[in-house]
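Inside the fold
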Amino acid sequence: MATEKMLTGCAAAAQGAKFAEVEVICSYPIRPYTAIMMELAKMVANGELDAEFVHGEGEHAQLSVVLGASAAGARAYTGSSGVGVAYAFEVYSPMSGGRYPVQMAIADRALDPPGDFGSEHTDAMSTRDQGWLMGWACSPQEVFDNTLMAYRIGEDPRVLLPQMVCQDGYFVSHIPDKVVLPDVSQVKEFLPPYNPPHPLDPRKPYSHGPQIRPDQGAPMDAQRASAFLEVPKVIKEVTEEFNRIFGRNYDPFLEKYKLDDAEIAFFIQGAHANTCRKVVDKLRSSGVKAGMCRLRWVRPWPTHEIAEALAGIKAVGTIETSTSYGGAMRGGNLIHELRATLYDLPDNERPLVTSFMAGLGGETIWPKDFMYMAEVLSNMVKENRTKKYVYWIGLEPEE
Amino acid sequence: MPRNLPEYGKIAIPKEREVPLGAVTPAPVRVQKLHITSPWRIYRPVIDHEKCTRCLNCYIFCPDACWEYNEENDEMELNLEFCKGCLICIQECPAEALTPVHELEFEGGVVRLDNPF
């Protein structure tokens, strides 16, 4: 029977892994994600979860251990935060290149220097071009749900790709919220056991991870790219089925909040969407036609869906929460992809686009910050031009 | 698509360039032709069969199992498709029977990658 519990994002991720019946877990401590592994270690020790729990020597080892486990055919689970995500970098491409559908839970944390425990998306965003599926949750419930959905999508024979299930450190990972835990039978119906194509097995030996020739590099890259062309279809199917079995109402790619008649819109991912939604309501009650578009998946980037959702809106502002030093707009990453996404819209439907550096280093994005952004966007509409590519919230020079 | 936005397109890998999914290949195979590793060799170990004592050190130490003892003609043989030119065999040869020779010295030597440009 389904039950309701108050869980942090970390506890919800651990519950997700438990319901997914992960077989191999590899941990290494770094906060804030560590709380996931603490929960899982308890579950294994208590006999609630039958899994191999391996403690790695570091994040590079963590990823290597789960790669091997996945090659042997296991459903494998790992995770990290901040500099830990960076330390594992070498293994991201072999993981997707070898087509191992492991799952990595990320509770975002700012990268050094110097040490900062706050949430910032730069850790996981830095790995976004390594062939992993990647998406952000904005509540413990969505963390739990994404854990199950990501396994199902990643293990689909049309996909076979690793997944990062991201949540903001602290804002989601450490704040308890209501989570509906399903009945085991629902999960059984939704998530079949992983069926690996070529598991390591002495009775039928296979070589994994061999040296390839330079002329095999392009076809291998194309293989992964082709898989990504299939992913959106699979995400749609799987989300529909998830909604049906678990009684949810997820849009596969985007949370479109009051976008239909909006003149200005926030483009956002992760926890700060919760504050943003409230501000949209407040703006609406004062007569400003505001809306919010929240990304559920960053990889694959839902190009067409975003273009359709934002067409006709007059001004859009990305809330970045990650850095791209020296990038085209000198702020974060989302604006680059958003502008590229909207480029092919007809002139009369293409929004003006700017970006807001906010929530960096774990700072809270307050309602007043969103109100300031709304003012910038409204002024863009009034003047019918984008004056600046990027605004640093709380750090703007006085005009 | 109501707005006629560009498509992602499709990718077609020609049959002769296909690579197994994830480059996972059947094993064990003595010589895995799918994954030849020699195109980056700069120096080739050349053997002097007169000096060679058939101690098999090269056979043992080669990280890619490229040295083999041919019983018929009682000689060590090098598999040039997989020798990366690391020259560990030269380091380990107690008889000094091996010499490094630049690939440019050989007709058809490895002087470039398979499909360089």
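1. Things to note about the overall build of chain B
- Within chain B, the secondary structure is distributed over two helices and five strands.
- Over its C-alpha atoms chain B spans a radius of gyration of 21 Å, topping by over 25% the 13 Å that the globule rule assigns to 117 residues.
- The principal-axis extents of the C-alpha atoms in chain B amount to approximately 80 × 35 × 25 Å.
- For chain B, buried positions account for 18% of its 117 residues.
- By sequence separation, contacts in chain B at least 24 residues apart represent 67% of the contacts at least 6 residues apart.

2. So, the overall build of chain A
- In terms of regular secondary structure, chain A is built from 13 helices and 16 strands.
- Here chain A has a C-alpha radius of gyration of 21 Å; the compact-globule value for 399 residues is 21 Å, and the two agree.
- For chain A, the C-alpha atoms occupy an extent of roughly 70 × 55 × 45 Å along the three principal directions.
- Among the 399 residues that make up chain A, the fraction classed as buried is 53%.

3. Remarks on the sheet that holds strand S5 (residues 103–108) of chain A
Residues and elements named next belong to chain A.
- One open sheet holds the seven strands; their spatial order is S3-S2-S4-S5-S7-S6-S13, and the pairing between them is mixed. Each edge of the sheet is formed by a strand with only one pairing partner; in this case those strands are strand S3 (52–55) and strand S13 (297–299). Geometrically, the sheet is characterised by an average inter-axis angle of 20° between neighbouring strands, direction not taken into account.
- In this structure, S5 lies alongside strand S7 (residues 163–168), joined through six bridges in parallel fashion. Within S7, the position partnered with Ala105 by the bridge is Val165.
- Where helix H3 (residues 59–71) meets the sheet, its contacts fall on strand S2 (24–27), S3 and strand S4 (76–80), and the angle it forms with S4 comes to roughly 165°.

4. Details of the domain arrangement of chain A
Residue and element names in this part refer to chain A.
- Domain annotation for chain A reports domain 1 (3–246) and domain 2 (254–392).
- Its C-alpha centre places domain 1 at a distance of 28 Å from the equivalent point of domain 2.
- Each partner contributes residues to the interface: domain 1 has 24 residues there, and domain 2 has 21 residues.
- Of the residues contributing to the side of domain 1 that touches domain 2, the split by class is 15 nonpolar, five polar and four charged.

5. As for the pairing of strand S3 (residues 67–70) of chain B
Residues and elements named next belong to chain B.
- In the sheet, S3 pairs with strand S4 (residues 75–78) via four bridges, with the strands oriented antiparallel. Paired with Glu68 across the two strands is Glu77, which belongs to S4.
- In textbook terms, the turn of a hairpin is the stretch between consecutive antiparallel strands, and for S3 and S4 this stretch comprises four residues, one of which, Asp74, has a positive phi near 50°.

6. Comments concerning helix H2 (residues 34–45) of chain A
All names here are of chain A.
- Between the first and last C-alpha of H2 there are 16 Å, a value that for 12 residues agrees with the 16 Å anticipated at 1.5 Å per step.
- Taken residue by residue, H2 has Ile36, Met37, Glu39 and Leu40 as its buried positions. Along H2, the residues classed as buried sweep out an arc of 160° about the axis, all on the same side. What points out from H2, more than 90 degrees from its buried face, is the exposed set Lys42 and Ala45.
- Directly after H2, the chain includes Gly47, whose backbone phi takes a positive value near 80°.

7. Section: the packing of helix H1 (residues 9–19) of chain A against H2 of chain A
Residues and elements named next belong to chain A.
- With their axes 8 Å apart at the nearest point, H1 and H2 run at an angle of 45° to one another. In terms of axis orientation, H1 runs oblique to H2. For the crossing formed where H1 meets H2, the hand is right-handed. In this structure, H1 uses Cys10, Ala11, Ala13, Ala14, Ala17 and Lys18 to contact H2, whose residues at the interface are Ala35, Ile36, Glu39, Leu40 and Met43.
- Residue classes in the contact of H1 with H2 are distributed as nine nonpolar, no polar and two charged.

8. Here we look at the interface of chain B and chain A
- Contact residues are listed per partner, giving 26 residues for chain B and 29 residues for chain A.
- Residues belonging to the side of chain B that touches chain A are distributed by class as follows: 16 nonpolar, six polar and four charged.
- Where strand S9 (residues 206–207) of chain A and strand S1 (residues 25–26) of chain B come together, two bridges link them in antiparallel fashion. If you follow Tyr206 of chain A over to S1 of chain B, its bridge partner there is Pro26 of chain B.

9. Some thoughts on the environment of Val353 of chain A
All names here are of chain A.
- Inspection of the secondary structure puts Val353 in strand S15 (residues 352–357).
- The class of Val353 is buried, set by 23 C-beta atoms lying within 10 Å.
- Placed 24 residues apart in sequence, Val353 and Leu377 show a C-alpha to C-alpha distance of 8.7 Å.

10. A look at the environment of Trp132 of chain A
Residue and element names in this part refer to chain A.
- Structurally, Trp132 can be placed in the loop between helix H6 (122–125) and strand S6 (133–136).
- Along the backbone, Trp132 and Ala271 are 139 residues apart, and their C-alpha atoms lie at a distance of 21 Å.
- Among residues more than four places away in sequence, those in contact with Trp132 are Tyr92, Ser96, Thr127, Leu161, Pro162, Gln163, Met164 and Arg299.

11. Focus: unusual backbone geometry
- For the bond from Arg31 of chain A to Pro32 of chain A, the omega torsion is 10°, close enough to zero to count as cis.
- Note the cis peptide between Arg299 of chain A and Pro300 of chain A, where omega equals 0°.
- Following the sequence through the fold, Pro300 of chain A ends up in the loop between S13 and helix H11 (303–310).
- Of note in the backbone geometry, Asn384 of chain A takes a positive phi value of approximately 50° without being a glycine.
- Residue placement: Asn384 of chain A occurs in the loop between helix H13 (367–383) and strand S16 (390–392).
- Notably, Asp74 of chain B is not glycine yet its phi reads approximately 50°, a positive angle.
- For Asp74 of chain B, the location among the structural elements is in the loop between S3 and S4.

12. Overview of helix H9 (residues 214–246) of chain A
Residue and element names in this part refer to chain A.
- If you check H9, its first and last C-alpha atoms are 46 Å apart, about what 33 residues at 1.5 Å a residue would give, namely 48 Å.
- If you look at H9, its biggest bend is around 35°, right at Glu230, and the proline Pro232 turns up within four residues after that.
- For H9, the complete set of buried residues consists of Gln216, Gln223, Ala227, Val234, Ile235, Val238, Thr239, Phe242 and Phe246.
- Where the residues of H9 are buried, they touch helix H7 (140–154), helix H8 (184–190) and S13.
- Positive phi appears at Gly247, one or two residues downstream of H9, with a value of about 70°.

How each quantity is defined
- Residues numbered from 1 in each chain as written.
- Chains lettered and ligands numbered in written order.
- Predicted model: local features only at pLDDT ≥ 70, side-chain atom pairs only at ≥ 80, totals over all residues.
- Helix = DSSP H or I, 4+ residues; strand = E, 2+ residues; numbered from the N terminus.
- Rg over C-alpha atoms; globule rule 2.2 N^0.38 Å.
- Buried ≥ 20, exposed ≤ 12 C-beta atoms within 10 Å, placed from the backbone.
- Contact = placed C-beta atoms within 7 Å.
- Pairing = 2+ DSSP bridges.
- Axes fitted to C-alpha atoms, helices over the stretch in contact; angles between N-to-C directions.
- Domains from an automatic or database assignment.
- Nonpolar A, V, L, I, M, F, W, Y, C, P; charged D, E, K, R; others polar.
- Expected span 1.5 Å × (residues − 1).
- Arc of directions from axis to C-beta.
- Parallel < 35°, antiparallel > 145°, perpendicular 65-115°, else oblique.
- Left-handed = near helix turned anticlockwise from the far one by under 90°.
- Bend = angle between axes of the 7 residues up to and from the residue.

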